[in-house]
Every structure is written in structure tokens, then in C-alpha cells.
Amino acid sequence: MGESGTTSYSPSPSGYGIGPPWLFRGRALYQLHLVKAEIARAFIPKELKLVEAFGYTLGGLFLAHYDDSPAGVFDELVVIAGIVWNPPTSCAWASRVLVNSHEACRHGRKEIGLPSHVAIFSKRDAKASDQPLHKHRTSFIHSKPQEHSEIQVLEMEDYSQTSICNISLPFAGDHWMGPKIRISLPSFSGQTIHNPQLLKYSCQIECRVRAVKSAKVSRPRIIQLDEFSNDIRAKEKNVNDRLSTENEERDRSIAVLLSKPIMALEFNLLKMQVEAPTVVIAT
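Residues numbered from 1 in each chain as written. Predicted model: local features only at pLDDT ≥ 70, side-chain atom pairs only at ≥ 80, totals over all residues. Heavy atoms only, no water.

### Observations concerning the environment of valine 79
The cut-off we apply is this: By the criteria applied, helices consist of DSSP H or I runs no shorter than four residues and strands consist of E runs no shorter than two, each listed in order from the N terminus. Buried residues are those whose accessible area, probed at 1.4 Å on protein chains only, stays under 20% of the maximum for their type, while exposed residues exceed 50% and partly exposed ones sit between those limits. Here a residue-residue contact requires only that any non-hydrogen atoms of the pair lie within 4.5 Å.
As for its placement among the helices and strands, valine 79 is situated in strand S4 (residues 74-86). Judged by relative accessible area, valine 79 falls into the buried class, the value being 1%. Along the sequence, valine 79 and proline 115 sit 36 residues apart, while their C-alpha atoms lie 9.9 Å from each other. Ignoring sequence-local partners within four residues, the contact set of valine 79 consists of Gly60, Trp93, Ala94, Ser95, Arg96, Ser253, Val256 and Leu257.

Rendered as C-alpha cells:
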């Protein structure tokens, strides 16, 4: 994490320029939730069919800390709204991506078509629960063995900070990291203001995986805005309209995070290769 709450600006010497594919190494929590179909469907393009049963789809979160990447060290929270059908398989749809790296945010928006936003990830350990939140670079996936961690995720937008959620990560247990696996996670993206085309891309993952207790996600705190940003909103209607739409999308993503978890997997020794997206439907 950036010191004193700043975002990460430590690009690796390779950068995104030598890819694709782009390689990320670190650790992650992949958690599946039962998400109400009506919430997920608001994010899904009309060209795609949501996979649902009894009014629910599978969504959740992907919380990662990358020790090495084209953008250097940074943290990421991917909010997965649901699963869409793409014969002969299915693909995930991300409703929001939060990263504490401006470089990773720009790349996600322009190259991958993701709804990326810059954020601050703040950590505190259970033993220091009576202390203010502090920010540092150490991994939030693993604390000291006797502790659990709470992560507060704050989204940065213009002159404001919006609290997205608090994530409480339970005690990690023993040091067994589980078997080594290889999986492919295909996803759709695009149809954003930064990349209007409908895209498809794949993440090839190698890691050690084990089932863990689900992280607890709690509601965010009240949004805090400074006077200058309030003045801008009062004077400029187009800014008001944009913020209104953005707030609705943010609130729906928070609803996804607050939905019922059904399974959590911890990815250790993660090596993730992200392929270049292909255009599904051009504008």
C-alpha cells in the first residue's frame, strides 16, 4: 500500500508496454456470493444472457495484492456482478474494479475495458482495533498468524473519497497452502465511456488454492465531500448527471459485495497471466 494513504506509483521496469500477455504475481481471495439477478442484470449488456436460478446468479469479489506486476506493487478489488452465458462456457462480468495504482487504473479502462477506479486500501489488525486505520505496503491477505485484518476500501473521485466497504479477513489458520492448480477465468468487459466496445478476455492462473472461511463485508461509512466539490455539483448540471449515474452504479456494486457469501478460496503463490481482449461487438 502507499504510505500515508497515497496510491501506489511503482511501475515495474517492464510496464504494460511489453505485453500482452500481462503477468501478475501475488496472492488473492476469490469469494463467490449469491447475488440477486435484478441487481446483476442492471450491469449486464443486453447482448448477453445472465446465468440465473431462482432469482439469483453467482457473483462476488476478487481481492488481490500483487507483489509484482506491470504497474509494480498494488492492490485490487474486483466486484463480480454475475455470470453470463457464452456457449460452450460462461464468463464473469465485473461491475467495478478498484486499484491503488493510477497506472493500473488507466490500463484497465483503456486496454481491458474495465470499470476501473482509483482507491485507497487501509488496513488494521485485530490487535490494534482501538487504533486509527493505518496504511502501509504489507500484504493484506496475510497478517501475522494470530491476527485477522480489516480492510477499508475508499474510492477516489475528483475531490472526494467514498467509502466502498470494510472487509474483515479471518484468521488464516495453518501454513498449508493447498494443492497447485491451473485454471482459466474468462470474462467479458467493455461498453464503458473509456472503451465502448464489448470485449472478452481471459486470465490464466497458476496458484496454490485452499478453501477458507468467508470474509465479512460490511456497509461503508457516510460519504465525505469537501466544499469545493459540492460547489462544482451545484453549478454544473452535467457533473450532477454524471455523478448521479456513477452513484447508482457504485451503490449496486456495494449491494453485490453485501450479498450472501457461499464459498471462499485463498490463492497463494499466484501467477496470473492476462491475455489481450478481443472485440465481441464493435461500436
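### Remarks on the pattern of salt bridges
Worth spelling out the cut-off: Take a side-chain nitrogen of Lys or Arg and a carboxyl oxygen of Asp or Glu: if they are within 4 Å of each other, that pair is a salt bridge.
For the coordinates displayed, the defined rule picks out 8 salt bridges. The closest approach of N and O atoms between glutamate 155 and arginine 96, which form a salt bridge, is 2.8 Å. Of this pair, glutamate 155 sits in strand S7 (residues 149-157) while arginine 96 sits in strand S5 (residues 89-99), and the two are 59 residues apart along the sequence. Of the residues examined, glutamate 155 reaches a relative accessible area of 0% and is grouped as buried. Given the relative accessible area of 2%, arginine 96 is considered buried. As a salt-bridge pair, arginine 124 and glutamate 150 come within 3.2 Å of each other at their nearest N and O atoms.

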